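Below are the chains, spelled out letter by letter.
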Amino acid sequence: MFSEVARRASGYDKGEKMAVIRRDGTIALRIIQPGWGSSGYYPAEVLERDGPRVFKKGLKIYADHPTPTEEAERPERSVHDLAAELVSDAQWRTDKPGGPGLFADAKVFQSYYSLVEDLAPHIGVSIRASGKAARGKAEGRDGAIIQEITSARSVDLVTVPGAGGQIVSMFESARPARKVEERETIDMDKLKEAQDALAERDQKIARLQEALLLREAGDYVADALKGSQLPELTRARLQKALTVNPPLKEGALDKELYAARIAE
């Protein structure tokens, strides 16, 4: 027996609008169309040649792209964000409504039925892939021209679609494209490494800032307790306890609130 959500999603009820999720829990996706996307211009011949090879059955589909911090701390992604997976290899098709592109079927996991069904007209998919590009011109626009797609990491559900389709056809996200110098070749794996390095640097800066704040807090508490008549052991205990979570205001120590907390 189908669950209630599966029954509704299948459009089984007479008179009910046919939904995007089929009876078996699958949906049809347009993974990407030829044209301009967030990473550059995807020529039809590149998608036709590389797409079926890299967007394979079993490729995971997550809810949202990871942030740089999430990418650095958990590159394998969270199981809670796992929304679906491809159940067929991508195929280059030219006979579908809306024009040519890479198409595949995906199995939606039941916990995401409602989200996919409700948001289908308003969301898209964005590929996370590696490859190579070079500066060029296409459709009257200069930018990175994708020359090869070497591997795919995932296909993620996003809110801002960019390179064509709807959900039967969801799309590559529209994000600001990186400017490419003339004759420069982009290795997407190296670009990913650079992004990871920046994320790691930001984390180190955040840890240093936190350490400086805690040191300042410790000094502030120590000065405030100097004039008290409390035993040394009690002052040490209070200093440790009051330094753990100091009050902040706009990223700096809120000394007024801190003084009140110490006095209390």
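Everything discussed here concerns the structure shown above.
**Q** What exactly am I supposed to notice about the nonpolar core here?
**A** Note that soluble globular proteins tend to have their nonpolar side chains buried in a common cluster. Membership of the largest hydrophobic core comes to 35 residues, with the highest contact counts inside it found for Ile-31, Phe-55, Ile-61, Leu-86, Leu-102 and Ile-149. Among the elements that make up this core, the one with the highest residue count is strand S9 (residues 141–158) (six residues). When neighbours within four sequence positions are excluded, Phe-55 is seen to be in contact with Ile-31, Leu-86, Asp-89, Ala-90, Leu-102, Ile-127, Ala-152 and Val-155. Of all hydrophobic cores here, the second largest spans six residues; its members include Val-221, Leu-225, Leu-242 and Ile-262.

**Q** Where do I start with the pattern of salt bridges in this structure?
**A** Applying the stated rule across the entire model yields seven salt bridges. Asp-89 serves as the salt-bridge partner of Lys-56, at 3.2 Å between the closest nitrogen and oxygen. Of this pair, Lys-56 sits in the loop between helix H2 (44–54) and strand S4 (60–62) while Asp-89 is found in the loop between strand S5 (82–86) and strand S6 (91–93), placing the two residues 33 residues apart along the sequence. Taking relative accessible area as the criterion, Asp-89 reaches 34% and is therefore assigned partly exposed.

**Q** Even after reading the chapter, I still don't get the environment of Ala-134, so can you show me in this structure?
**A** Looking at the element boundaries, Ala-134 is found in strand S8 (residues 124–138). For Ala-134 and Tyr-41, which are 93 residues apart along the polypeptide, the C-alpha to C-alpha distance reads 9.9 Å.

**Q** Got a minute to help me understand unusual backbone geometry in this structure?
**A** The bulk of non-glycine residues show a negative phi, and the bulk of peptide bonds are trans. With phi around 50°, Glu-139 is a residue other than glycine that occupies positive phi space. Relative to the elements of secondary structure, Glu-139 occurs in the loop between S8 and S9.

**Q** Even after reading the chapter, I still don't get the packing of aromatic side chains, so can you show me in this structure?
**A** Two measures describe an aromatic ring pair: the distance that separates the ring centres and the angle between the ring planes. Scanning the model with the defined rule gives one aromatic pair in all. Taking 5.3 Å as the distance between ring centres and 65° as the angle between the ring planes, the aromatic pair formed by Trp-36 and Tyr-41 counts as edge-to-face. Take Trp-36 and Tyr-41: they sit in the same class, and that class is buried. For Lys-96, the ring lying beneath its charged end belongs to Phe-103, and the centroid distance is 5.7 Å. The positively charged end of Arg-141 is found above the aromatic ring belonging to Trp-36, 4.1 Å away from the centroid.

Parameters at a glance
Residues numbered from 1 in each chain as written. Predicted model: local features only at pLDDT ≥ 70, side-chain atom pairs only at ≥ 80, totals over all residues. Heavy atoms only, no water. Core = buried A, V, L, I, M, F, W, Y, C linked by side-chain atoms within 4.5 Å. Buried < 20%, exposed > 50% of the residue type's maximum accessible area, 1.4 Å probe, protein only. Helix = DSSP H or I, 4+ residues; strand = E, 2+ residues; numbered from the N terminus. Contact = heavy atoms within 4.5 Å. Salt bridge = Lys/Arg side-chain N within 4 Å of Asp/Glu carboxyl O. Phe/Tyr/Trp six-rings, centres within 6.5 Å; stacked < 30°, edge-to-face > 60°. Lys NZ or Arg CZ within 6 Å of the ring centre and 35° of its normal.

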